[in-house]
Amino acid sequence: MQPLKCIPQETDWRAAGLRYFGYNFFLKRRFGQRVHKISLDAGFTCPNVDGTVTVGGCVFCDNRSFSPSRRLPRQTITQQIDEGIRRLARRIAARRFLAYFQPATNTYAPVDRLERLYREALAHPAVVGLAIGTRPDCVPGDVLDLLSQIANETHLSVEYGLQTIHDRSLVWMNRGHDYSAFIDAVDRSRGRGFEICAHVMLGLPGESRDDMLATAREVARLRLDSVKIHNLYAVKNTPLADQVTAGQVQLIDREDYISTLVEFLELLPPMTVVERISGDAPPDFFLAPAWCLDKPAVRAALEAEFCRRDSWQSKRWTG
(Lines give C-alpha, C1' and ligand atoms only; values in the text may rest on other atoms or scores of the structure.)
Protein backbone atom coordinates (compact mmCIF):
# COMPACT_ATOMS: atom_id res chain seq x y z
CA MET A 1 0.00 0.00 0.00
CA GLN A 2 1.24 3.49 -0.83
CA PRO A 3 2.62 5.38 2.21
CA LEU A 4 0.08 7.80 3.67
CA LYS A 5 2.36 10.82 3.21
CA CYS A 6 2.37 10.26 -0.56
CA ILE A 7 -1.41 10.15 -0.89
CA PRO A 8 -3.41 13.31 -1.62
CA GLN A 9 -5.28 14.47 1.48
CA GLU A 10 -8.68 14.07 -0.16
CA THR A 11 -8.09 10.31 -0.54
CA ASP A 12 -5.96 9.40 2.48
CA TRP A 13 -9.09 8.14 4.25
CA ARG A 14 -9.28 5.40 1.65
CA ALA A 15 -5.65 4.48 2.28
CA ALA A 16 -6.62 4.13 5.94
CA GLY A 17 -9.19 1.51 4.97
CA LEU A 18 -12.29 3.68 5.38
CA ARG A 19 -15.33 3.59 3.15
CA TYR A 20 -16.10 7.28 3.61
CA PHE A 21 -14.34 10.42 4.83
CA GLY A 22 -15.44 10.31 8.46
CA TYR A 23 -15.38 13.27 10.81
CA ASN A 24 -13.17 11.71 13.48
CA PHE A 25 -10.57 10.90 10.83
CA PHE A 26 -10.73 14.48 9.54
CA LEU A 27 -10.37 16.03 13.00
CA LYS A 28 -7.42 13.85 13.96
CA ARG A 29 -5.69 14.74 10.71
CA ARG A 30 -6.52 18.43 11.17
CA PHE A 31 -5.41 18.72 14.82
CA GLY A 32 -3.08 15.76 15.26
CA GLN A 33 -5.13 14.35 18.14
CA ARG A 34 -8.63 13.38 19.21
CA VAL A 35 -10.97 16.39 19.20
CA HIS A 36 -14.59 16.33 20.29
CA LYS A 37 -17.48 18.78 20.01
CA ILE A 38 -19.10 20.29 23.09
CA SER A 39 -22.67 21.48 22.57
CA LEU A 40 -23.33 25.02 23.78
CA ASP A 41 -26.65 26.79 24.26
CA ALA A 42 -26.28 30.55 23.85
CA GLY A 43 -30.00 31.17 24.30
CA PHE A 44 -30.84 31.99 20.69
CA THR A 45 -34.21 31.53 19.03
CA CYS A 46 -35.16 31.16 15.34
CA PRO A 47 -36.97 33.44 12.88
CA ASN A 48 -39.57 30.74 12.26
CA VAL A 49 -40.24 30.54 15.99
CA ASP A 50 -40.39 34.20 17.00
CA GLY A 51 -42.67 35.18 14.10
CA THR A 52 -40.12 37.04 12.00
CA VAL A 53 -40.56 34.55 9.17
CA THR A 54 -43.27 32.23 10.45
CA VAL A 55 -44.36 30.64 13.72
CA GLY A 56 -44.31 27.18 15.20
CA GLY A 57 -40.78 26.20 14.20
CA CYS A 58 -39.86 23.27 11.97
CA VAL A 59 -42.35 20.41 11.97
CA PHE A 60 -39.76 18.01 13.43
CA CYS A 61 -38.07 20.33 15.89
CA ASP A 62 -37.70 20.26 19.65
CA ASN A 63 -34.24 21.67 20.32
CA ARG A 64 -34.02 19.80 23.61
CA SER A 65 -34.19 16.49 21.78
CA PHE A 66 -31.04 16.92 19.68
CA SER A 67 -28.96 19.32 21.76
CA PRO A 68 -27.62 18.19 25.17
CA SER A 69 -26.94 21.80 26.16
CA ARG A 70 -30.60 22.79 25.88
CA ARG A 71 -31.62 20.06 28.32
CA LEU A 72 -29.47 21.57 31.08
CA PRO A 73 -29.98 24.64 33.29
CA ARG A 74 -28.67 27.71 31.49
CA GLN A 75 -25.06 28.54 32.32
CA THR A 76 -22.44 30.87 30.92
CA ILE A 77 -20.55 29.68 27.85
CA THR A 78 -17.44 29.04 29.95
CA GLN A 79 -19.42 27.06 32.52
CA GLN A 80 -21.00 24.97 29.77
CA ILE A 81 -17.60 24.14 28.30
CA ASP A 82 -16.24 23.14 31.71
CA GLU A 83 -19.29 20.96 32.38
CA GLY A 84 -19.10 19.43 28.91
CA ILE A 85 -15.45 18.51 29.43
CA ARG A 86 -16.29 16.90 32.79
CA ARG A 87 -19.06 14.81 31.22
CA LEU A 88 -16.98 13.72 28.25
CA ALA A 89 -13.93 12.85 30.37
CA ARG A 90 -15.83 9.84 31.73
CA ARG A 91 -16.04 8.16 28.33
CA ILE A 92 -13.90 9.94 25.71
CA ALA A 93 -10.14 10.41 25.74
CA ALA A 94 -10.15 13.91 24.27
CA ARG A 95 -8.25 16.91 25.58
CA ARG A 96 -9.09 19.42 22.89
CA PHE A 97 -12.58 20.48 21.90
CA LEU A 98 -14.64 22.37 19.36
CA ALA A 99 -17.18 24.71 20.92
CA TYR A 100 -20.41 23.85 19.09
CA PHE A 101 -23.12 26.51 19.13
CA GLN A 102 -25.88 24.02 18.39
CA PRO A 103 -29.54 24.62 19.36
CA ALA A 104 -31.68 27.16 17.48
CA THR A 105 -30.10 29.67 15.04
CA ASN A 106 -26.67 30.70 16.26
CA THR A 107 -26.13 33.71 14.02
CA TYR A 108 -29.55 35.21 14.78
CA ALA A 109 -28.53 38.11 17.01
CA PRO A 110 -26.74 41.47 16.82
CA VAL A 111 -23.17 41.02 15.70
CA ASP A 112 -21.69 42.46 18.91
CA ARG A 113 -23.52 39.85 20.98
CA LEU A 114 -22.39 37.10 18.63
CA GLU A 115 -18.76 38.18 18.85
CA ARG A 116 -18.88 38.33 22.65
CA LEU A 117 -20.24 34.77 22.88
CA TYR A 118 -17.95 33.29 20.25
CA ARG A 119 -14.87 34.84 21.80
CA GLU A 120 -15.82 33.68 25.27
CA ALA A 121 -15.80 30.13 23.92
CA LEU A 122 -12.48 30.62 22.13
CA ALA A 123 -10.88 31.98 25.31
CA HIS A 124 -11.20 28.59 26.97
CA PRO A 125 -7.77 26.90 26.94
CA ALA A 126 -9.16 23.52 25.80
CA VAL A 127 -11.07 24.95 22.81
CA VAL A 128 -9.33 24.75 19.44
CA GLY A 129 -12.12 26.03 17.22
CA LEU A 130 -15.81 26.71 16.71
CA ALA A 131 -18.73 25.06 14.95
CA ILE A 132 -21.79 27.25 14.47
CA GLY A 133 -25.18 25.88 13.47
CA THR A 134 -27.49 28.28 11.66
CA ARG A 135 -30.03 28.84 8.90
CA PRO A 136 -29.07 30.03 5.43
CA ASP A 137 -31.39 33.03 5.73
CA CYS A 138 -29.66 34.29 8.89
CA VAL A 139 -26.18 35.31 7.73
CA PRO A 140 -26.25 39.01 6.79
CA GLY A 141 -23.08 40.70 5.61
CA ASP A 142 -21.90 41.93 9.01
CA VAL A 143 -22.27 38.43 10.47
CA LEU A 144 -20.28 36.92 7.59
CA ASP A 145 -17.60 39.55 8.14
CA LEU A 146 -17.36 38.50 11.78
CA LEU A 147 -17.20 34.81 10.85
CA SER A 148 -14.47 35.56 8.33
CA GLN A 149 -12.47 37.42 10.94
CA ILE A 150 -12.75 34.51 13.37
CA ALA A 151 -11.85 32.02 10.64
CA ASN A 152 -8.59 33.91 10.12
CA GLU A 153 -7.75 33.24 13.77
CA THR A 154 -8.95 29.69 14.38
CA HIS A 155 -10.73 26.68 12.94
CA LEU A 156 -14.36 27.51 12.12
CA SER A 157 -17.14 25.44 10.58
CA VAL A 158 -20.50 27.03 9.74
CA GLU A 159 -23.30 24.48 9.52
CA TYR A 160 -26.21 25.50 7.32
CA GLY A 161 -29.55 23.74 7.58
CA LEU A 162 -30.14 22.62 4.00
CA GLN A 163 -32.23 19.49 4.72
CA THR A 164 -33.25 19.12 1.04
CA ILE A 165 -33.09 20.96 -2.27
CA HIS A 166 -36.82 20.44 -2.88
CA ASP A 167 -38.92 23.47 -2.01
CA ARG A 168 -42.11 21.42 -1.56
CA SER A 169 -40.40 19.56 1.30
CA LEU A 170 -39.16 22.80 2.84
CA VAL A 171 -42.73 24.08 2.81
CA TRP A 172 -43.95 20.88 4.46
CA MET A 173 -41.40 21.19 7.26
CA ASN A 174 -42.24 24.89 7.84
CA ARG A 175 -38.67 26.03 7.25
CA GLY A 176 -39.66 29.52 6.22
CA HIS A 177 -37.10 29.72 3.41
CA ASP A 178 -36.58 28.05 0.05
CA TYR A 179 -33.57 26.36 -1.53
CA SER A 180 -32.42 29.59 -3.18
CA ALA A 181 -31.66 30.94 0.31
CA PHE A 182 -29.15 28.15 0.79
CA ILE A 183 -27.49 28.85 -2.56
CA ASP A 184 -27.28 32.53 -1.66
CA ALA A 185 -25.70 31.78 1.74
CA VAL A 186 -23.13 29.42 0.21
CA ASP A 187 -22.23 31.90 -2.52
CA ARG A 188 -21.68 34.68 0.02
CA SER A 189 -19.72 32.36 2.34
CA ARG A 190 -17.18 31.16 -0.20
CA GLY A 191 -13.65 32.47 0.16
CA ARG A 192 -14.15 33.65 3.73
CA GLY A 193 -11.90 31.03 5.31
CA PHE A 194 -14.42 28.91 7.16
CA GLU A 195 -15.70 25.45 6.32
CA ILE A 196 -19.19 25.20 4.85
CA CYS A 197 -21.25 22.29 6.14
CA ALA A 198 -24.78 21.28 5.08
CA HIS A 199 -27.35 19.39 7.15
CA VAL A 200 -29.36 16.91 5.06
CA MET A 201 -32.36 14.76 5.93
CA LEU A 202 -33.26 11.54 4.16
CA GLY A 203 -36.72 9.99 4.25
CA LEU A 204 -38.80 13.16 4.03
CA PRO A 205 -42.44 12.41 3.17
CA GLY A 206 -43.13 12.64 -0.54
CA GLU A 207 -39.47 12.37 -1.54
CA SER A 208 -38.47 9.42 -3.71
CA ARG A 209 -34.98 7.94 -3.75
CA ASP A 210 -34.34 9.91 -6.94
CA ASP A 211 -35.32 13.09 -5.08
CA MET A 212 -32.86 12.32 -2.27
CA LEU A 213 -30.08 11.54 -4.71
CA ALA A 214 -30.79 14.81 -6.51
CA THR A 215 -29.91 16.51 -3.23
CA ALA A 216 -26.69 14.47 -3.14
CA ARG A 217 -25.76 15.57 -6.65
CA GLU A 218 -26.35 19.18 -5.73
CA VAL A 219 -24.21 18.89 -2.58
CA ALA A 220 -21.50 17.38 -4.80
CA ARG A 221 -21.86 20.12 -7.42
CA LEU A 222 -21.46 22.80 -4.79
CA ARG A 223 -18.26 21.17 -3.46
CA LEU A 224 -19.27 21.74 0.14
CA ASP A 225 -16.62 21.04 2.74
CA SER A 226 -18.74 18.71 4.83
CA VAL A 227 -22.19 17.23 5.23
CA LYS A 228 -24.25 15.93 8.16
CA ILE A 229 -26.82 13.33 7.12
CA HIS A 230 -29.56 11.70 9.12
CA ASN A 231 -32.91 10.05 8.70
CA LEU A 232 -36.12 11.87 9.50
CA TYR A 233 -37.14 10.79 13.00
CA ALA A 234 -39.93 11.96 15.28
CA VAL A 235 -39.67 13.32 18.79
CA LYS A 236 -42.59 13.80 21.12
CA ASN A 237 -44.70 16.96 21.28
CA THR A 238 -43.98 18.05 17.71
CA PRO A 239 -46.27 18.32 14.68
CA LEU A 240 -44.32 15.47 13.10
CA ALA A 241 -45.05 13.25 16.10
CA ASP A 242 -48.76 13.93 15.63
CA GLN A 243 -48.53 13.08 11.93
CA VAL A 244 -46.65 9.84 12.61
CA THR A 245 -49.07 8.79 15.34
CA ALA A 246 -52.02 9.51 13.03
CA GLY A 247 -50.45 7.45 10.24
CA GLN A 248 -50.12 10.47 7.97
CA VAL A 249 -46.32 10.13 7.72
CA GLN A 250 -44.40 6.88 7.33
CA LEU A 251 -40.80 7.04 8.53
CA ILE A 252 -38.09 5.36 6.50
CA ASP A 253 -36.99 1.90 7.66
CA ARG A 254 -33.37 0.99 8.26
CA GLU A 255 -32.91 -1.12 5.16
CA ASP A 256 -34.15 1.63 2.85
CA TYR A 257 -32.21 4.28 4.74
CA ILE A 258 -28.90 2.41 4.57
CA SER A 259 -29.34 1.63 0.88
CA THR A 260 -30.16 5.27 0.11
CA LEU A 261 -27.33 6.53 2.31
CA VAL A 262 -24.76 4.41 0.46
CA GLU A 263 -25.98 5.73 -2.88
CA PHE A 264 -25.93 9.28 -1.50
CA LEU A 265 -22.33 8.90 -0.34
CA GLU A 266 -21.27 7.31 -3.62
CA LEU A 267 -22.18 10.58 -5.35
CA LEU A 268 -20.16 12.86 -3.05
CA PRO A 269 -16.63 14.05 -3.85
CA PRO A 270 -13.83 12.30 -1.95
CA MET A 271 -12.87 15.55 -0.19
CA THR A 272 -16.31 16.11 1.39
CA VAL A 273 -16.16 15.25 5.09
CA VAL A 274 -19.10 13.17 6.35
CA GLU A 275 -19.73 14.49 9.83
CA ARG A 276 -22.78 12.35 10.60
CA ILE A 277 -24.54 9.35 9.08
CA SER A 278 -27.61 9.03 11.34
CA GLY A 279 -29.52 10.80 14.06
CA ASP A 280 -31.43 9.98 17.23
CA ALA A 281 -32.75 11.57 20.40
CA PRO A 282 -32.80 10.70 24.12
CA PRO A 283 -35.45 8.07 24.98
CA ASP A 284 -37.47 10.56 27.02
CA PHE A 285 -38.01 12.63 23.85
CA PHE A 286 -37.87 9.99 21.15
CA LEU A 287 -40.92 8.55 19.36
CA ALA A 288 -39.80 6.68 16.21
CA PRO A 289 -38.28 4.86 14.34
CA ALA A 290 -36.73 2.64 17.01
CA TRP A 291 -33.90 1.40 14.79
CA CYS A 292 -32.00 4.67 14.76
CA LEU A 293 -31.45 4.54 18.54
CA ASP A 294 -28.88 1.78 17.97
CA LYS A 295 -26.05 3.77 16.41
CA PRO A 296 -23.49 0.94 16.43
CA ALA A 297 -25.95 -1.22 14.50
CA VAL A 298 -26.50 1.58 11.97
CA ARG A 299 -22.76 1.98 11.45
CA ALA A 300 -22.35 -1.79 11.09
CA ALA A 301 -25.20 -1.94 8.56
CA LEU A 302 -23.66 0.89 6.55
CA GLU A 303 -20.28 -0.83 6.48
CA ALA A 304 -21.89 -4.13 5.50
CA GLU A 305 -23.77 -2.51 2.62
CA PHE A 306 -20.64 -0.79 1.37
CA CYS A 307 -18.83 -4.13 1.49
CA ARG A 308 -21.67 -5.95 -0.24
CA ARG A 309 -21.52 -3.45 -3.10
CA ASP A 310 -17.73 -3.21 -3.04
CA SER A 311 -18.29 0.52 -2.85
CA TRP A 312 -17.14 3.71 -1.14
CA GLN A 313 -17.80 7.45 -1.00
CA SER A 314 -17.19 9.07 -4.44
CA LYS A 315 -17.40 5.81 -6.40
CA ARG A 316 -20.06 7.37 -8.64
CA TRP A 317 -18.91 10.98 -8.33
CA THR A 318 -18.52 12.49 -11.80
CA GLY A 319 -16.38 15.49 -10.86
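Scope of this entry: the structure provided in the associated data block. (Residues numbered from 1 in each chain as written. Predicted model: local features only at pLDDT ≥ 70, side-chain atom pairs only at ≥ 80, totals over all residues. Heavy atoms only, no water.)

Take the sheet that holds strand β3 (residues 127–134) next. As summarised here, the arrangement of the seven strands in space is β1-β2-β3-β4-β5-β6-β8, forming an open sheet in which the pairing is parallel. In the strand order of this sheet, the two ends are held by β1 (35–40) and β8 (273–276), each with one partner. The sheet shows a mean angle of 25° between the axes of neighbouring strands, direction not considered. Of the pairings in the sheet, the one linking β3 to strand β4 (residues 155–163) comprises six bridges and is parallel in character. The residue of β4 that forms the bridge with Leu130 is Leu156. On top of the sheet, helix α5 (residues 111–122) reaches β1, β2 (96–101) and β3; it is set at about 145° to β3, its chief contact. (Pairing = 2+ DSSP bridges. Helix = DSSP H or I, 4+ residues; strand = E, 2+ residues; numbered from the N terminus. Axes fitted to C-alpha atoms, helices over the stretch in contact; angles between N-to-C directions. Contact = heavy atoms within 4.5 Å.)

In a regular helix each residue adds 1.5 Å, so 12 residues correspond to 16 Å; α5 covers 16 Å between its end C-alpha atoms and thus fits that length. What α5 keeps buried is the set Leu114, Leu117, Tyr118, Ala121 and Leu122. The arc that holds the buried residues of α5, viewed along the axis, is 140°, so those residues lie on one side. What points out from α5, more than 90 degrees from its buried face, is the exposed set Asp112 and Arg116. Next to the buried residues of α5 lie β1, α4 (77–89), β2, β3 and α6 (141–151). (Expected span 1.5 Å × (residues − 1). Buried < 20%, exposed > 50% of the residue type's maximum accessible area, 1.4 Å probe, protein only. Arc of directions from axis to C-beta.)

The omega angle of the peptide bond from Ala288 to Pro289 is 0°, so this bond is cis rather than trans. By the element assignment, Pro289 lies in the loop between β9 (286–288) and α12 (295–309). The backbone of Gln163 shows a phi angle near 70°, a positive value even though the residue is not glycine. Accessibility expressed as a relative area gives 7% for Gln163, which makes it buried. Positive phi, close to 60°, is recorded for Asn237, a residue that is not glycine. Relative to the helices and strands, Asn237 is located in the loop between β7 (234–235) and α10 (239–245).

For the rest of this paragraph, the subject is the packing of aromatic side chains. Evaluated as defined, the whole model comprises 10 aromatic pairs. Pairing Tyr20 with Phe306 gives two aromatic rings, centres 6.4 Å apart and planes at 25°, and the pair type is stacked. Of the two residues, Tyr20 is situated in the loop between α1 (12–15) and α2 (23–31) and Phe306 in helix α12; the sequence distance between them amounts to 286 residues. Taken as a pair, Tyr20 and Phe306 share a single burial class, namely buried. Taken together through their ring pairs, the aromatic side chains of Trp13, Phe21, Tyr23, Phe25 and Phe26 make up a single cluster. The ring of Phe31 has Arg30 sitting right over it, with the charged end atom 4.7 Å from the ring centre. (Phe/Tyr/Trp six-rings, centres within 6.5 Å; stacked < 30°, edge-to-face > 60°. Lys NZ or Arg CZ within 6 Å of the ring centre and 35° of its normal.)

Within the secondary structure, Arg116 sits in helix α5. Measuring from C-alpha to C-alpha, the distance between Arg116 and Tyr257 comes to 41 Å, with 141 residues separating the pair along the chain.

Once that is clear, we can look at the pairing of strand β5 (residues 195–202). Note on strand geometry: in a regular strand, side chains alternate between the two faces of the sheet. Most of β5 sits inside the fold, with eight of its eight residues counted as buried. In β5, alternate side chains face the same way, and those of Glu195, Cys197, His199 and Met201 on one face and Ile196, Ala198, Val200 and Leu202 on the other are all buried. Note: β4 against β5, six bridges, orientation parallel. Residue pairing in the sheet places Gly161 in a bridge with His199 of β5. Across six bridges, the pairing between β5 and strand β6 (residues 226–231) is parallel. When the sheet's bridge partners are listed, Cys197 is paired in β6 with Ser226. Traced from β5 through helix α9 (residues 209–222) to β6, the parallel crossover comes out right-handed. (Right-handed = clockwise from strand over helix to strand, strands pointing away.)

This next bit is on the packing of helix α11 (residues 254–266) against α12. Direction vectors running N to C along α11 and α12 enclose 60°, while the axes themselves pass 10 Å from each other. One finds that α11 runs oblique with respect to α12. Crossing geometry of α11 relative to α12 is assigned as right-handed. Across the interface between the two elements, Arg254, Ile258, Ser259, Leu261, Val262, Glu263, Leu265 and Glu266 of α11 pack against Ala297, Val298, Ala301, Leu302, Glu305, Phe306 and Arg309 of α12. A per-class count over the contact of α11 with α12 returns nine nonpolar, one polar and five charged. (Parallel < 35°, antiparallel > 145°, perpendicular 65-115°, else oblique. Left-handed = near helix turned anticlockwise from the far one by under 90°. Nonpolar A, V, L, I, M, F, W, Y, C, P; charged D, E, K, R; others polar.)

We now examine the nonpolar core. Within soluble globular proteins, side chains that are nonpolar tend to cluster in buried spots. Core analysis: the biggest nonpolar cluster contains 89 residues, and Phe101 and Leu130 have the highest contact counts within it. Filtering out sequence-adjacent residues up to four positions away, Phe101 remains in contact with Leu40, Ala42, Ile77, Asn106, Leu117, Tyr118, Ala121, Leu130, Ala131, Ile132 and Gly133. With eight residues, the next largest nonpolar core counts Trp13, Phe21, Tyr23 and Val35 among its residues. (Core = buried A, V, L, I, M, F, W, Y, C linked by side-chain atoms within 4.5 Å.)

Considering the arrangement of structural elements, one finds Arg175 in the loop between α7 (167–172) and α8 (179–189). There is a polar contact of 3.1 Å between the side chain of Arg175 and the backbone oxygen of Gly161. Side-chain polar atoms of Arg175 contact the side chain of His177, separated by 3.3 Å. (Polar contact = N/O pair within 3.5 Å; in protein donor to acceptor, adjacent residues only side chain to side chain.)

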